[in-house]
Amino acid sequence: MPKTSTESLNTTTNVAQPASIHLKDTATMFNPAKLTLAQEQSQIDTSQPYHHKANHNQNRSIEQSSYLNSASLAATAQAPVSAAPKIGFVSLGCPKALVDSERIITELSRDGYQVASDYEGADLVVVNTCGFIESAVQESLDAIGEAISKNGKVIVTGCLGKEAQKIREMHPAVLAVTGAHAYDEVITAVAQYVPRPNRSLDANYDPKIDLINEAGIKLTPSHYAYLKISEGCNHRCTFCIIPSLRGDLVSRPIDNVMSEALALKNAGVKELLIISQDTSAYGLDLKYKTSFWNCMPLKSKFYDLCQALNDLGIWVRLHYVYPYPHVDKVVELMGEKKLLPYLDIPFQHASHRILKAMKRPAHSENTLARIKAWRKICPDIVIRSTFVVGFPGETEEDFQCLLDWLAEARLDRVGAFTYSEVEGAVANDLPNHVPEDIKQERYERLMALQQDISAQKLQEKIGKTLIVLVDDIDDDENIAICRSYADAPEIDGHVYVDDITAKVKVGEFLTVTIDDASEYDLFASYQD
């Protein structure tokens, strides 16, 4: 098997390079020529390492059948074309935006609309935008323009919707603009321009059969799903505009979260990826209100939620956690094998001076001591993080502090970004901006260091036995493309399993032995 490397956010392309987010190179609803992962692997030039640039700004669409819960979507295909209008959907941005897209598509399907797989077949197109960084803003504007030119009837939603004037100035033909997680507004706007179908006139419609799966329509593979537990953020980091786009923290009551989690499990989901803007702050706005679920009282609190999710008996992976002291108790659950021992923590930097300028929460914490304590509690814990290099005012001394921190912390997964201005961010007005060439040089030094750390840590896995989840199968190479507990989908590495049999299916667990490792991936064999 070729030892190709799937490069995760371990080597995230810096965000100052728009080429990394070209619209035509991303898998959107109206880009059916986009290769599947298996096709990409089969076409790799093995003389060069393969660099997988997927990140948490991965774009999604309902056209990608391999990423769609087909059982959930079946109901949308029941009505004949003449009986139900079709709505196209382009979803841009992070997993939190992806969940918004899933909810909107689910509600539209419940109203009797069908899903269109191309511009020409759509009666209207919804574009769910991203507005986090300037390259994402441009991508969203390009996507809106493409939808207008190829269809003509377009509704815009998502984070960029806050900039309605900018959108309308560039694309005056847009029918309606809504902000992030404005589900009802989107449904209302769709119905205004494409009236809801009267399903009572459809002779083929049977309300006992044409039901949407309780878990809703998902744009992920059927064996894993994102579960958003809250919206918004109370922090005011100087480089971020998320609070202005999505508001302050608003947590979902725990009974609501758990009901969705159970529905996802019952729909066949094997792994839940817990997401929010600040997962460890879950329930703070609710004052940790107690609700009843499954006849038991539960507090809307981070630790209590983790305990309850463990009882479902499936993989639970935590993203966007801040290193607060109360996270220690959650790590204890990981040490007791009640959660996947995996934490996604956006440290962003190590220099206290830069962290203070960023106004990062817990910026004065001794994070190295906390990581050391976590590893003592749970030796198998995997920590991934992202870092910004070239933040305004960052000196060579600050950057060296970050390198020294990384060398000591030895994180398992690391992504890096060169700082780029975001319209409306406070950091734009800070003095002493770092020249682009120095940003890039520092980025490359950081990634070279992390590549060595990652390679060393993965070499330590050789000879060990791991349980992996099958994400895809390369029939040509007879390889299963899998993930271990250490690998989040789309942003981390893979475990490539050789010489599989026909019994191996996507979405099942395998017990494998690690035979080899590259900088970011593992290679394994298994006994049927």
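All values reported here derive from a predicted model rather than from experimental measurement. (Residues numbered from 1 in each chain as written. Predicted model: local features only at pLDDT ≥ 70, side-chain atom pairs only at ≥ 80, totals over all residues. Heavy atoms only, no water.)

### Describing the nonpolar core
Heads up, the condition is: To define a nonpolar core, start from buried Ala, Val, Leu, Ile, Met, Phe, Trp, Tyr and Cys residues and group those joined through side-chain atoms within 4.5 Å. When accessible area is computed with a 1.4 Å probe and restricted to protein chains, residues below 20% of their type maximum are described as buried, those above 50% as exposed, and intermediate ones as partly exposed. Only heavy atoms enter the contact rule, under which two residues are in contact if any of them lie within 4.5 Å.
Of all hydrophobic cores here, the largest spans 57 residues; its most connected members are Leu272, Leu309, Leu318, Leu343, Leu411 and Leu446. Leaving out residues up to four positions away in the same chain, Leu343 has contacts with Leu318, Val321, Val327, Val331, Met334, Trp374, Ile381, Val382, Ile383 and Arg384.

### Side note on the packing of aromatic side chains
The following threshold applies: In this scheme Phe, Tyr and Trp rings, the latter by its six-membered ring, pair at centre separations within 6.5 Å, and the angle between planes marks the pair as stacked below 30 degrees, edge-to-face above 60, and tilted otherwise. Numbered from the N terminus, helices here are DSSP runs of H or I no shorter than four residues, and strands are runs of E no shorter than two. Lysine NZ or arginine CZ positioned within 6 Å of the ring centre and within 35 degrees of the ring normal marks a charge as sitting over the ring.
One pass over the structure, following the stated rule, counts nine aromatic pairs. Residues Phe239 and Phe391 carry aromatic rings whose centres are separated by 6.4 Å and whose planes lie at 80° to one another, so their mutual orientation is edge-to-face. Of this pair, Phe239 sits in the loop between strand S7 (230–231) and helix H7 (242–246) while Phe391 sits in the loop between strand S14 (382–389) and helix H13 (396–409), and the two are 152 residues apart along the sequence. For the pair Phe239 and Phe391, one class covers both residues: buried. Following the ring pairs from residue to residue traces out a cluster consisting of Phe239, Phe391 and Tyr419. It is Lys301 that lies over the ring of Tyr288; its NZ or CZ is 5.1 Å from the centre. Over the aromatic face of Tyr224 sits the side chain of Arg483, whose NZ or CZ is 5.3 Å from the ring centroid.

### Points about the environment of Ile242
Tracing the sequence through the fold places Ile242 in helix H7. For Ile242, a relative accessible area of 10% puts it in the buried group. For the pair Ile242 and Cys159, spaced 83 residues apart in sequence, the C-alpha to C-alpha distance is 8.3 Å. Residue contacts for Ile242: discarding those within four places in its chain leaves Phe132, Gly247 and Gln277.

### Some points on the pattern of salt bridges
A side chain with one charge may pair with a side chain of the opposite charge, provided their charged atoms come close. Convention followed: Take a side-chain nitrogen of Lys or Arg and a carboxyl oxygen of Asp or Glu: if they are within 4 Å of each other, that pair is a salt bridge.
Within the structure shown, the criterion is met by 28 salt bridges. Note that Glu394 is salt-bridged to Arg442, the shortest N-O span being 2.8 Å. One end of the pair, Glu394, is in the loop between S14 and H13; the other, Arg442, is in helix H14 (residues 436–459), and 48 residues separate them in sequence. For Glu394, a relative accessible area of 4% gives the class buried. Here Arg442 falls in the buried class, since its relative accessible area comes to 6%. Between Arg413 and Asp487 there is a salt bridge; the shortest N-O distance is 2.2 Å. Here Arg413, found in strand S15 (residues 413–418), pairs with Asp487, found in the loop between strand S17 (479–483) and strand S18 (495–497); they are 74 residues apart in sequence, far enough to count as distant.

### A short note on the pairing of strand S6 (residues 224–228)
This is how the line gets drawn: Should DSSP find at least two bridges between two strands, the strands are taken to pair.
A large share of S6 lies buried, amounting to five of its five residues. Residue alternation in S6 divides its side chains into two sets, Tyr224, Tyr226 and Lys228 and Ala225 and Leu227, and both sets are buried. Two strands pair when backbone bridges link them, and S6 and strand S9 (residues 271–275) are joined in this way by five bridges, in the parallel orientation. What sits directly across from Tyr226, in S9, is Leu273.

### Examining the sheet that holds S17
Picture the strands of a sheet paired through backbone hydrogen bonds; they go either parallel or antiparallel. We count it as follows: Only C-alpha atoms enter the line fits that serve as axes; for helices the fit covers just the stretch in contact. Angles between N-to-C directions range over 0 to 180 degrees.
With mixed pairing, five strands are arranged side by side around a closed barrel as S16-S17-S18-S20-S19. Looking at each pair of strands side by side, their axes are set apart by 50° on average, direction ignored. Here S18 pairs with strand S20 (residues 522–525) via three bridges, running parallel. Bridge pairing in S20 links Val497 to Ala524.

### Digging into the sheet that holds strand S2 (residues 114–115)
Spatially, five strands are ordered S2-S1-S3-S4-S5 in an open sheet, and the strand pairing comes out parallel. The strands lining the two open edges of the sheet, one partner per strand, are S2 and strand S5 (176–177). Where strand S4 (residues 154–158) meets S5, two bridges bridge the pair, whose relative direction is parallel. Along S5, the bridge assignment pairs Ile155 with Ala176. Of the strands in this sheet, strand S1 (86–91), S2, strand S3 (124–129) and S4 touch helix H3 (residues 95–110), which is tilted by about 175° from S1.

### Re the confidence of the model for the protein chain
For clarity, the threshold we go by: You can read pLDDT as the predictor saying how much it trusts each residue, on a scale of 0 to 100.
Averaged over every residue, the pLDDT of the protein chain is 82; residues scoring 70 or more account for 81%. Under a pLDDT of 50 for its full length, residues 1–82 has, in the predicted model, 223 contacts with residues more than four places off or in other chains.

### Thoughts on the environment of Trp293
What counts here: By the criterion applied in these results, polar contacts are pairs of N or O atoms within 3.5 Å in which, for protein atoms, one can donate a hydrogen and the other can accept it, and in which residues neighboring in sequence qualify only through two side-chain atoms.
Note that Trp293 resides in strand S10 (residues 290–293). On the basis of relative accessible area, Trp293 is assigned to the buried category, the value being 17%. Each C-alpha atom, one on Trp293 and one on Asn256, is 8.4 Å from the other, the two residues being 37 residues apart in sequence. In this view, Trp293 contacts Asp255, Met258, Ser259, Leu262, Leu298 and Leu312; residues no more than four positions away in its chain are not counted. A distance of 3.4 Å separates the side chain of Trp293 from the side chain of Ser259, its partner in a polar contact.

### Some words on the environment of Asp437
The topology assignment puts Asp437 in helix H14. Distance from Asp437 to Gly390, taken between C-alpha atoms, is 9.8 Å for residues 47 residues apart in sequence.

### Structural notes on the pairing of S14
Most of S14 sits inside the fold, with eight of its eight residues counted as buried. Side chains Val382, Arg384, Thr386 and Val388 of S14 all project onto a buried face; the interleaved residues Ile383, Ser385, Phe387 and Val389 project onto the opposite face, where all are buried too. In this sheet, S14 lies alongside strand S13 (residues 342–344) in parallel orientation, the contact comprising three bridges. Bridged to Tyr342 within S14 is Val382. One ladder, built from six bridges, connects S14 with S15; its direction is parallel.

### Considering helix H4 (residues 134–150)
How we decide: Here, expected helix span is obtained from the residue count minus one, scaled by 1.5 Å.
For H4, built from 17 residues, the straight-helix expectation of 24 Å at 1.5 Å per residue is met to within 8% by its first-to-last C-alpha distance of 24 Å. Downstream of H4 by one or two residues, Gly152 has phi in the positive range, about 105°.

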